[in-house]
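Spelled out, the chains give:
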Amino acid sequence: MATGFFDGVEPPKFHHYNPDEIVMGKRMEDHLRFAVAYWHSFAWEGQDPFGGQTFQRPWHPQDDMGRAKLKADVAFEMFDLLGVPFFCWHDADIRPEQGSFAENLRTLNEITDYIGEKMEGSKTRLLWGTANMFSDRRWMSGASTNPDPDVFAFAAATVKSCLDATHKLGGQNYVLWGGREGYETLLNTDMGQELDHMGRFLSMVVDYKHKIGFEGQILVEPKPQEPSKHQYDYDAATCIGFLRKYGLENEVKLNLEQGHAILAGHSFEHEIAVAASEGMLGSIDMNRNDYQSGWDTDQFPNNVPEVALAYYHVLNAGGLGKGGTNFDAKLRRQSLDAQDLIDGHAGGMEICARGLKAAAAMIEDGGLNAALADRYAGWKSPDAQAMLTSDLETLAQHVLSENIAPFPRSGRQEALENWVNRFV
Ligand code: XUL
Ligand code: CO
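**Quick look at the coordination of the cobalt ion (ligand 2)**
Six octahedral donors around a metal ideally subtend angles of 90 or 180 degrees, whereas four tetrahedral donors ideally subtend 109.5 degrees.
Logical step 1: All of the protein donors around the cobalt ion (ligand 2) are Glu221 (OE), Glu257 (OE), Asp285 (OD) and Asp328 (OD); their distances to the metal are 1.9 to 2.1 Å.
Logical step 2: Taken together, the six donor atoms coordinating the cobalt ion (ligand 2) and their angles of 80 to 172° define a geometry best described as octahedral.
Logical step 3: All donor residues of the cobalt ion (ligand 2) come from one chain, and their arrangement in sequence is E-x35-E-x27-D-x42-D. Linking Glu221 in the loop between β8 (217-220) and β9 (230-231) with Glu257 in strand β10 (residues 252-257), this pair joins segments that are 36 residues apart in sequence.

Here's what the structure looks like:
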């Protein structure tokens, strides 16, 4: 029976998103693999640092199993209305918070059984699950990096329970975002020890994934700060260095988020290109930050040129694979209506569809890749290749004997920007 939450709501009208349209030989839906984030759409109540709850949903307050089930009913109604193939959750989004680990485990199992039944009647699948190890006060000094070994153990138990639940629901990935894995002040922080603990913890996660036969990807999500002043998983490059240090580079990939890239002083396409160049692009969290506010505003995307360049790098990297496009985006706190939830997601889907089509057109046109190939063409010759296995003395001798005098060439940035502008 319908919950009635979406009664009277206009269903989305898509002008650009067409799941069955073939883009570069593949259905648009299979390229984009959209997911709804349970936390922003159903768990967040509209609070900001200056004010409390603005949304009043029939599943509030969220401390009761009956209302958690109603929330799931509404969530699946929205997945159907939007036609999204995936959703994502934290444990704390889907189950009521009731205190002890044993009680939270019991309610997590009960609600994920319930969600599993809902999935049987729905085409929406689980893109990823994750553990909220940042909201409760027990995590205030970190989860795996907490100075208190009891919290480390609690974090291990929590991730085990969430990985079990993700596996049970056929999740295609498991994400770790270290919201409190960092520091507020170095005066009370042993950074080396904390990083070793975080590396060891992630190895345990990988070991357990193999033990239970979970075939999804394990992903870490970089973000430079907020809530911690400094977070260890600062950006894609930092995460890759960390994964290599602890021997996890073949086991763990990255979940990259537009807004986090901006906070780190990068562009989204930079982060995607860094991960892709190391074969570590796992999935993306699509959203946008307000460029004036300087914090993580998690808005729905609305900038086609930015999104197009992001998908350009995704497509060049061979696509999202088991990953997807998760809308880690929330309504503005004044957007109170059920209609706003539909409009926010539908708008994001339209922007991504336009970005994907623009990216595909850029690749099919080939101009940008041709310009890139031309810029590096000198390296195609056997003599140039031999230099890479040579040494400084031989190269110095070569410059002298051949009287080498390099002739600078234009980087053609303006022409390339004009070229991109034809497609967006
Ligand atoms: C926080 C953030 C998280 C992760 C999952 O900025 O992006 O929602 O995506 O924990
Ligand atoms: Co995110």
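**Considering the layout of surface pockets**
Logical step 1: Of the pockets and cavities examined, the second largest pocket occupies roughly 710 Å³.
Logical step 2: Taken together, 24 residues make up the lining of the second largest pocket; nearest its centre are Tyr312, His313, Leu368, Leu372 and Leu416.
Logical step 3: Broken down by secondary-structure element, the contributors of at least two residues to the lining of the second largest pocket are α10 (268-277), α11 (304-316), α13 (367-375) and α16 (413-421).
Logical step 4: The greatest single-element share of the lining of the second largest pocket, amounting to six residues, is contributed by α13.
Logical step 5: Each of domain 1 (22-365) and domain 2 (370-421) gives at least three residues to the lining of the second largest pocket.

**Quick look at helix α7 (residues 191-212)**
Logical step 1: Across its 22 residues, α7 extends 32 Å between first and last C-alpha, which sits within 8% of the 32 Å expected from 1.5 Å per residue.
Logical step 2: Taken together, the buried positions of α7 are Glu194, Met198, Gly199, Phe201, Leu202, Ser203, Val205, Val206 and Lys209.
Logical step 3: Next to the buried residues of α7 lie α6 (149-168), β6 (173-176), β7 (182-183), β8, α8 (236-245) and β10.
Logical step 4: Once α7 finishes, Gly213 follows within two positions and takes phi at roughly 75°, a positive value.

Here is what the cut-offs are and how they apply
- Residues numbered from 1 in each chain as written.
- Chains lettered and ligands numbered in written order.
- Predicted model: local features only at pLDDT ≥ 70, side-chain atom pairs only at ≥ 80, totals over all residues.
- Heavy atoms only, no water.
- Donors = N, O, S within 2.8 Å, 3.2 Å for Na, K, Ca; no water.
- Tetrahedral: all angles 85-135°; square planar, octahedral: opposite > 155°, others 65-115°.
- Helix = DSSP H or I, 4+ residues; strand = E, 2+ residues; numbered from the N terminus.
- 1 Å grid on protein atoms, 1.4 Å probe; cavity = no way out; pocket = protein on both sides within 12 Å on 5 of 7 lines; lining within 4 Å.
- Points joined across faces, edges and corners; volume = space filled by probe spheres on them.
- Domains from an automatic or database assignment.
- Expected span 1.5 Å × (residues − 1).
- Buried < 20%, exposed > 50% of the residue type's maximum accessible area, 1.4 Å probe, protein only.
- Contact = heavy atoms within 4.5 Å.

So yeah, pure geometry; function would need other evidence.
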